[in-house]
Amino acid sequence: MRTRADRCPGVLRPWAADDGLLVRLRLVGGRLPAASLARLLQVSAEFADGSVYLTKRANLQLRGLAGCDGRLAPAAVAALESTGLLPSRSHELVRNILVSPQTGHAGGRADLRPVAARLDALLCDDPRLAALPGRFLFVLDDGRGDLIDRSADAGLVALSGTEAQLRVGENWGAVVYIADAAERLAALAGAFQAARGDGPDAPWHIRELPAPLLSVMAADARLPEPSGPLPFGPVPGGTHVPVPDGVLTAAFGRTLLDAAELVVTPWHGIFVPA
């Protein structure tokens, strides 16, 4: 039984660490414009410790920021917003959408980038969903199996170029059209928010609800086997660059800025599309 709300950090809700304040910036599907990374490295040099940190959910963090009463100075918040990586102050904590990093570049059964972008827009447009726990995670596997074994609250696995099976906590949901998947996932998040309530003991995850949120379905025979993490080095569609311990220094980061867009992966790496 939960006894408090989650404390996942954001820009407007930093975490007080031993080395100063820590902030987290959510990347939908790990997608990171090179221009945003360049600006973020500048912001880190000015306000933090100079590096950018990768998380296992393919998000980014800055460490060592100064603040007052556990909050960042307005100048630091404005600088972080200037990266383009904080599109919504009200919903910053709930934009947790993990997607197969190579989707749309190579392999997979469907390009899930439009689904992720649409889901992000639906989340940010619904005031009710601003109260989702910061630990609530969407996981979208494009059918290659790289994320099928990742724990999720809601998500999908592509079965073909047009169909996917929903994930509902630890269970399988309905088979849906990919064209409708973002709306189905946003509705699932809304149903969870309504079912969990808003007290200090409200569940953080769908699996913590006392009853199934939706009817449990059988796993579709077309579901892929887990493929494991994306290997480092040359891979179909580009190169998966390792970031040791998830610490992207300024010097290392500048070597990646020739690509128009990078994809942060959940394995402490960055996929650089060809």
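Further up the page is the structure itself.
Rules used throughout
Residues numbered from 1 in each chain as written. Predicted model: local features only at pLDDT ≥ 70, side-chain atom pairs only at ≥ 80, totals over all residues. Heavy atoms only, no water. Helix = DSSP H or I, 4+ residues; strand = E, 2+ residues; numbered from the N terminus. Buried < 20%, exposed > 50% of the residue type's maximum accessible area, 1.4 Å probe, protein only. Contact = heavy atoms within 4.5 Å. Pairing = 2+ DSSP bridges. Axes fitted to C-alpha atoms, helices over the stretch in contact; angles between N-to-C directions. Salt bridge = Lys/Arg side-chain N within 4 Å of Asp/Glu carboxyl O. Phe/Tyr/Trp six-rings, centres within 6.5 Å; stacked < 30°, edge-to-face > 60°. Disulfide = S-S within 2.5 Å. Parallel < 35°, antiparallel > 145°, perpendicular 65-115°, else oblique. Left-handed = near helix turned anticlockwise from the far one by under 90°. Core = buried A, V, L, I, M, F, W, Y, C linked by side-chain atoms within 4.5 Å.

### Brief notes about the environment of Ala181
Okay, so step 1: Mapped onto the secondary structure, Ala181 falls in helix H4 (residues 181-196).
Okay, so step 2: On the basis of relative accessibility, which here comes to 0%, the residue Ala181 falls in the buried class.
Okay, so step 3: For the pair formed by Ala181 and Val115, sequence separation is 66 residues and the distance between their alpha carbons is 6.8 Å.
Okay, so step 4: Other than its neighbours up to four places away in sequence, Ala181 contacts Val115, Leu156 and Val176.

### As for the sheet that holds strand S12 (residues 238-242)
Okay, so step 1: Spatially, the five strands line up as an open sheet ordered S3-S14-S15-S12-S11, and their pairing is antiparallel. Edge strands, defined here as strands with exactly one partner in the open sheet, are strand S3 (31-33) and strand S11 (233-235). Strand after strand, the sheet turns through a mean of 30° between neighbouring axes, direction not considered.
Okay, so step 2: Pairing of strand S14 (residues 261-265) with strand S15 (residues 269-273), which is carried by three bridges, proceeds in the antiparallel orientation. Looking at S15, one finds that Val263 is bridged to Phe271.
Okay, so step 3: Against the sheet, helix H1 (residues 34-47) contacts S3 and S14, and its axis sits at roughly 75° relative to S3.

### With respect to the pattern of salt bridges
Okay, so step 1: Applying the stated rule across the entire model yields 11 salt bridges.
Okay, so step 2: For Asp142, the salt bridge is made with Arg144, and the minimal N-O distance between the two is 2.7 Å.
Okay, so step 3: Judged by its relative accessible area of 0%, Asp142 falls in the buried class.
Okay, so step 4: Across the salt bridge formed by Arg222 and Glu163, the nearest N and O atoms sit 3.0 Å from each other. Within this pair, whereas Arg222 is found in the loop between H4 and S11, its partner Glu163 is found in strand S9 (residues 163-168), the two being separated by 59 residues in sequence.

### Quick look at the packing of aromatic side chains
Okay, so step 1: Applying the stated rule across the entire model yields two aromatic pairs.
Okay, so step 2: Where Phe136 meets Phe138, the ring centres are 5.2 Å apart and the plane angle is 70°; that geometry is what we call edge-to-face.
Okay, so step 3: For Phe138, a relative accessible area of 0% puts it in the buried group.
Okay, so step 4: Ring-pair connections join several aromatic residues into one group, and the members of that group are Phe136, Phe138 and Phe192.

### Some points on the state of the cysteines
Okay, so step 1: As enumerated under the stated definition, the model contains zero disulfides in all.
Okay, so step 2: Lacking any disulfide linkage, Cys124 is separated from the closest cysteine sulfur, that of Cys8, by 16 Å.
Okay, so step 3: Under the relative-accessibility criterion, Cys124 is labelled partly exposed at 22%.

### Looking at the packing of helix H3 (residues 113-125) against H4
Okay, so step 1: Packing of H3 against H4 brings their axes to within 8 Å, and their N-to-C directions diverge by 40°. The orientation of H3 with respect to H4, classified from their angle, is oblique. In the crossing of H3 with H4, the sense of the turn from one axis to the other is right-handed. Mapping the contact onto sequence places Val115, Arg118, Leu119 and Leu122 in H3 and Ala181, Ala182, Glu183, Leu185 and Ala186 in H4.

### Details of the nonpolar core
Okay, so step 1: Of all hydrophobic cores here, the largest spans 43 residues; its most connected members are Leu60, Leu62, Leu72, Leu80 and Ile270.
Okay, so step 2: Formed by 33 residues, the second largest nonpolar core is a distinct cluster that contains Ala154, Leu166, Ile178 and Phe192.

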